[in-house]
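Each chain is listed here by its residues.
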Amino acid sequence: MRKGSKLCIFFMASILCLLPQVSLAAQPIYGGSLNFGISSVPETLDPHQVLDKHSLNICGALYETLVKFSVDDSKLLPALATSWEAKNQGREWIFHLREGVMFHDGTTFNADAVVFSFERQLKPDHPYYENKCFYGRYLFGKVIESIQVIDEYTVRFVLKHPYTPFVYSLTAPAAMIVSPEAVKEYKENFYLHPTGTGPFKLLRWEESGKVILERSKDYRGEKAYLDRLVFFPVTNQALRIEALARGELQGIELQSPAGIKSVTTLISQAKVVEIPNLDVVYLALNMKKAPLDQLKVREALARVVNREEIQQMFYLDRATEARSLIPPFLWGYNPDLIGYEFDPQEAGRLLEETKVEIPSLNLWIPESPSSYLPDPEEIAQKIADYLAKVGIEVKIVKRDWRGYLEGCEKGEHDIALAGWRADFPDPDSFLYPLLDQQVISESNNTNWSFYRNSFFHEILQRARQVTDRMERTRLYQVAQKIVQRDVPCIPLVHTREVAVFSPEVKGVRTGLAGEVYFERAWVPVD
């Protein structure tokens, strides 16, 4: 080889070393399967009946809504609708629909499908009305007056009153669009034959509860990378962890914080994914009862309850301490809230200033645990211990779920240990149902603090009518300051779920409402 050729090769090699290194292994690959271990069998694959998180995640892969949230910055994006506008001061919403979209059964998505999907939930005289779709009636029944087809790809929603959060509510499972022809064919068994427009479609749902999805080759947008996405019900967490370690599962959900240590011990470089829940655990202080009608008493309770200790004792990595009813990751949260710090001495001083004797207070709890109240009795006992330090005796009242709800709705409690999971990612989903005075007179009252503040109500009503998000954010931040001043409740924690994936899994994303998205997930293929 000539000397010049050697110099040329050396020069080229030097240049290549200076170029950015591209790893082929880091590029998404089409093909392969992802087996995800879940803690229980999904209840339904009809999105309008969904109440459990496993059904929600599966339906999120099968169906789509008119609009969706950006995973990165929570902005509202087009989905089955390409654009939309509000008219008549927010009482009418017109959506322009995406053309050329097909349901998994080969039928066409259009305005008729949108109207059908909502009316089967809302109109008792609809020929395919489904009584089990009560979540949609709860979410939209007091909001939507009518839904009208303008043309094949334009639909109008007429509301009963101006309501800006309506467009955000269209990201909920009850707003997922189903195939009218599939519902007509399978009727009440549609939940076993789900038919949407999503990136995956159902291959089969086995008797064991295992749900097998496959990539929809006719999907309108970017195709899913995975050939198959399989949801494996494995009730025992230890068995899920072992299956992950053996490679039988590529991802699992964890129900207890101890599981994280077990997984990371068995699997080096395991990926722990935190999934924030759109919820809050709080104490509702019944302000229509003495002595909780006095501000200093409520402030004293807020200062004597150690939220950080509750988070550490009962939730560990599965919750963060709350300073507001609104979670800190949701737009509209006020980061300037200071909160009432744990200070038993100050709490005692405030109670002395009131010169009110408080012989005892009752604390209502549900008898059964839930995802956000893993041990209601022990949490209640801890709260009772805090109040005992300032001379307040607490009587814990345990009721079955129905009795607990009915009693708290009527205000039979002094304090209620409660949890709330919002219907969609909007501050209104927390502040209005939990604290607006208008809710008290409604059936199924959820304002268990019986909080009445006309200025607070006016702010929420204004925020429901304004379309500019910056202005809505400002209004909600003002509303949170009012709540902090008046102390109608004591926020405790916001919970989160935890999922773990093997190192080779890439592209799994999470949503604002605790969803796990798999359409961009991929795994190496041999």
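Residues numbered from 1 in each chain as written. Predicted model: local features only at pLDDT ≥ 70, side-chain atom pairs only at ≥ 80, totals over all residues. Heavy atoms only, no water.

**Re the overall build of the protein chain**
In step 1: A count of helical and extended segments in the protein chain gives 16 helices and 20 strands.
In step 2: Its C-alpha atoms give the protein chain a radius of gyration of 26 Å, within 12% of the compact-globule value 24 Å for 526 residues.
In step 3: For the protein chain, the spread of C-alpha atoms along the principal axes amounts to about 100 × 65 × 50 Å.
In step 4: Looking at the protein chain residue by residue over its 526 residues, the buried ones come to 53%.
In step 5: Sequence-distant contacts in the protein chain: of pairs separated by 6 or more residues, those separated by 24 or more amount to 69%.
In step 6: Total accessible area on the protein chain is roughly 23,900 Å²; 50% of this is exposed by carbon and sulfur atoms.
In step 7: Placing the 60 positive and 69 negative side-chain charges of the protein chain at their respective mean positions leaves the two points 4 Å apart. (Helix = DSSP H or I, 4+ residues; strand = E, 2+ residues; numbered from the N terminus. Rg over C-alpha atoms; globule rule 2.2 N^0.38 Å. Buried < 20%, exposed > 50% of the residue type's maximum accessible area, 1.4 Å probe, protein only. Contact = heavy atoms within 4.5 Å. Areas by Shrake-Rupley, 256 points an atom, 1.4 Å probe, with all protein chains shown as cover. Lys, Arg positive; Asp, Glu negative; His and termini not counted. Charge placed at Lys NZ, Arg CZ, Asp CG, Glu CD.)

**Thoughts on the sheet that holds strand 5 (residues 92-97)**
In step 1: The sheet built from four strands is open, its strands ordered 4-5-7-6 with antiparallel pairing. Where the open sheet ends on each side, the last strands, each with one partner, are strand 4 (81-87) and strand 6 (144-151). In this sheet, neighbouring strand axes are inclined to one another by 20 degrees on average, regardless of whether the strands run parallel or antiparallel.
In step 2: By the bridge criterion, five bridges tie strand 5 to strand 7 (residues 154-159) in an arrangement that is antiparallel. Bridge pairing in strand 7 places Ile94 opposite Arg156. (Pairing = 2+ DSSP bridges. Axes fitted to C-alpha atoms, helices over the stretch in contact; angles between N-to-C directions.)

**Some thoughts on the pairing of strand 5**
In step 1: Judged from the six bridges that link them, strand 4 and strand 5 form a sheet pairing that is antiparallel. Paired with Ala86 across the two strands is Trp93, which belongs to strand 5.
In step 2: The turn linking strand 4 back onto strand 5 is made up of four residues, and Asn88 within it adopts a positive phi angle of 55 degrees.

**Some words on the packing of helix 10 (residues 307-314) against helix 12 (residues 376-388)**
In step 1: At a minimum axis separation of 11 Å, helix 10 and helix 12 run at an interaxial angle of 150 degrees. Taken together, the axes of helix 10 and helix 12 are roughly antiparallel relative to one another. Between helix 10 and helix 12 lies a crossing whose hand is right-handed. Where helix 10 abuts helix 12, its residues Glu309, Ile310, Met313 and Phe314 lie against Glu378, Ile379, Lys382, Ile383 and Tyr386. (Parallel < 35°, antiparallel > 145°, perpendicular 65-115°, else oblique. Left-handed = near helix turned anticlockwise from the far one by under 90°.)

**Points about the pattern of salt bridges**
Opposite charge on two side chains lets them pair, provided their charged atoms get close.
In step 1: Enumeration over the complete set of coordinates arrives at 32 salt bridges.
In step 2: As a salt-bridge pair, Glu248 and Arg246 come within 2.8 Å of each other at their nearest N and O atoms.
In step 3: Since its relative accessible area comes to 52%, Arg246 is described here as exposed.
In step 4: Salt-bridge contacts for Glu519 lead to Arg509; the nearest nitrogen and oxygen are separated by 2.9 Å. Note that Glu519 is positioned in the segment after strand 20 (516-517) and Arg509 in strand 19 (residues 509-510), a separation of ten residues in sequence.
In step 5: By relative accessible area, Arg509 is classed as partly exposed at 30%.
In step 6: Salt bridges here are not isolated pairs; linked through shared partners, they connect Lys53, Glu253, Arg318 and Glu497. (Salt bridge = Lys/Arg side-chain N within 4 Å of Asp/Glu carboxyl O.)

**Here we look at the side chain of Asp428**
In step 1: Among the secondary structure elements, Asp428 is positioned in helix 14 (residues 428-435).
In step 2: Its relative accessible area of 2% is what places Asp428 among the buried residues.
In step 3: Within polar-contact distance, the side chain of Asp428 engages the side chain of Arg464 at 2.9 Å.
In step 4: Dropping the residues within four chain positions of it, Asp428 is found in contact with Tyr163, Pro165, Pro433, Arg464, Arg472 and Tyr476. (Polar contact = N/O pair within 3.5 Å; in protein donor to acceptor, adjacent residues only side chain to side chain.)

**What to know about the packing of aromatic side chains**
In step 1: This structure, assessed with the given rule, holds 22 aromatic pairs.
In step 2: When the ring of Phe103 is compared with that of Phe109, the centres are 6.3 Å apart and the planes differ by 70 degrees; the resulting orientation is edge-to-face.
In step 3: For Phe103, a relative accessible area of 3% gives the class buried.
In step 4: Judged by its relative accessible area of 0%, Phe109 falls in the buried class.
In step 5: Seen from their ring centres, Phe116 and Tyr128 are 6.0 Å apart, and the 45 degrees between their planes marks the pair as tilted. A residue pair is termed long-range when its members are at least 10 positions apart, and Phe116 in helix 3 (residues 111-122) and Tyr128 in the loop between helix 3 and helix 4 (134-140) qualify at twelve residues.
In step 6: Since its relative accessible area comes to 9%, Phe116 is described here as buried.
In step 7: The partly exposed category is assigned to Tyr128, whose relative accessible area is 24%.
In step 8: These aromatic residues form a ring-pair network of at least three members: Trp84, Trp93, Phe95, Phe118, Phe140, Phe157 and Phe166.
In step 9: Cation over ring: Arg399 sits above Trp364, and NZ or CZ is 5.1 Å from the ring centre. (Phe/Tyr/Trp six-rings, centres within 6.5 Å; stacked < 30°, edge-to-face > 60°. Lys NZ or Arg CZ within 6 Å of the ring centre and 35° of its normal.)

**Describing the confidence of the model for the protein chain**
In step 1: For the protein chain, per-residue confidence averages 91 on the pLDDT scale, and residues scoring 70 or more make up 95% of the total.
In step 2: The model gives residues 1-25 a pLDDT under 50, and that stretch makes five contacts with residues more than four places away or in other chains. (pLDDT = per-residue confidence, 0-100.)

**Some remarks on the nonpolar core**
In step 1: Residues Leu66, Phe95, Leu97, Phe109, Phe118, Phe157 and Phe166 are the most contacted members of the largest nonpolar core, which totals 75 residues.
In step 2: With near-sequence residues (within four places) excluded, Phe157 lies in contact with Leu66, Arg91, Glu92, Trp93, Phe95, Val114, Phe118, Ile144, Ser146, Ile147 and Phe166. (Core = buried A, V, L, I, M, F, W, Y, C linked by side-chain atoms within 4.5 Å.)

**Considerations on the side chain of Thr197**
In step 1: By secondary structure assignment, the location of Thr197 is in the loop between helix 6 (180-186) and strand 8 (200-205).
In step 2: Thr197 gets classed as buried once you look at its relative accessible area, which sits at 2%.
In step 3: If sequence neighbours within four positions are ignored, Thr197 has contacts with Leu62, Tyr63, Glu64, Leu80, Val101, Met102, Phe103, His104, Phe109 and Tyr219.

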